[in-house]
Amino acid sequence: MIRLQIKGIPKAKLLLGKMTTIPKTSLVCGFSKPELTEQCLLLWEDQLFASQYRHYTTCRDHGCSKGLLQSIGTSKYVLYDSFDLVIKIYKIINESIE
């Protein structure tokens, strides 16, 4: 799990960048942007009472996991659904490794 600080997006970017540069394929599980108002409300309420609410709001404000992947220059990934509508699995493909 990537732990974000209040302004911890640079730390998360650094960690995610390191995780995705070594292997040819990496799997990352993270929040996706809710598609429906009900999903947004349920996710907000769930995270509000969790100890990581501050981390959730920082992540949400930066485009969730997709925004984080784009910020480190990851362009090739496959998105898989999970049992939870707002949790996605990202299969990141490192094209620089043959």
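This text follows the structure it describes.
Residues numbered from 1 in each chain as written. Predicted model: local features only at pLDDT ≥ 70, side-chain atom pairs only at ≥ 80, totals over all residues. Heavy atoms only, no water.

(A) Region of the structure containing the overall build of the protein. The secondary structure content of the protein amounts to 4 helices and 3 strands. Each helix and strand of the protein, ordered N terminal to C terminal, gives the series α-β-α-α-α-β-β. Buried positions account for 34% of the 98 residues belonging to the protein. Carbon together with sulfur atoms contributes 59% to the accessible area of the protein, which is approximately 6,800 Å² in total. (Helix = DSSP H or I, 4+ residues; strand = E, 2+ residues; numbered from the N terminus. Buried < 20%, exposed > 50% of the residue type's maximum accessible area, 1.4 Å probe, protein only. Areas by Shrake-Rupley, 256 points an atom, 1.4 Å probe, with all protein chains shown as cover.)

(B) Fine view of the sheet that holds strand 3 (residues 87–93). Ordered by their spatial adjacency, 3 strands build an open sheet running 1-3-2, and the pairing between neighbours is antiparallel. Two strands in the sheet have a free side with no partner beyond their single neighbour: strand 1 (25–31) and strand 2 (77–81). In this sheet, adjacent strand axes meet at a mean angle of 25° when their direction is disregarded. (Pairing = 2+ DSSP bridges. Axes fitted to C-alpha atoms, helices over the stretch in contact; angles between N-to-C directions.)

(C) Quick peek at helix 2 (residues 37–48). Over its 12 residues, helix 2 runs 16 Å from end to end, which matches the ideal 16 Å to within 8%, given 1.5 Å per residue. For helix 2, the set of buried residues is Gln 39, Leu 43 and Gln 47. Buried residues along helix 2 cover an arc of 55° about the axis, so they all sit on one side. The exposed residues of helix 2 that point more than 90 degrees off its buried face are Thr 37, Glu 38, Leu 41 and Leu 42. Residues of helix 2 that are buried sit in contact with strand 1 and helix 3 (53–61). (Expected span 1.5 Å × (residues − 1). Arc of directions from axis to C-beta. Contact = heavy atoms within 4.5 Å.)

Functional significance is not addressed by these values, which are geometric in nature.
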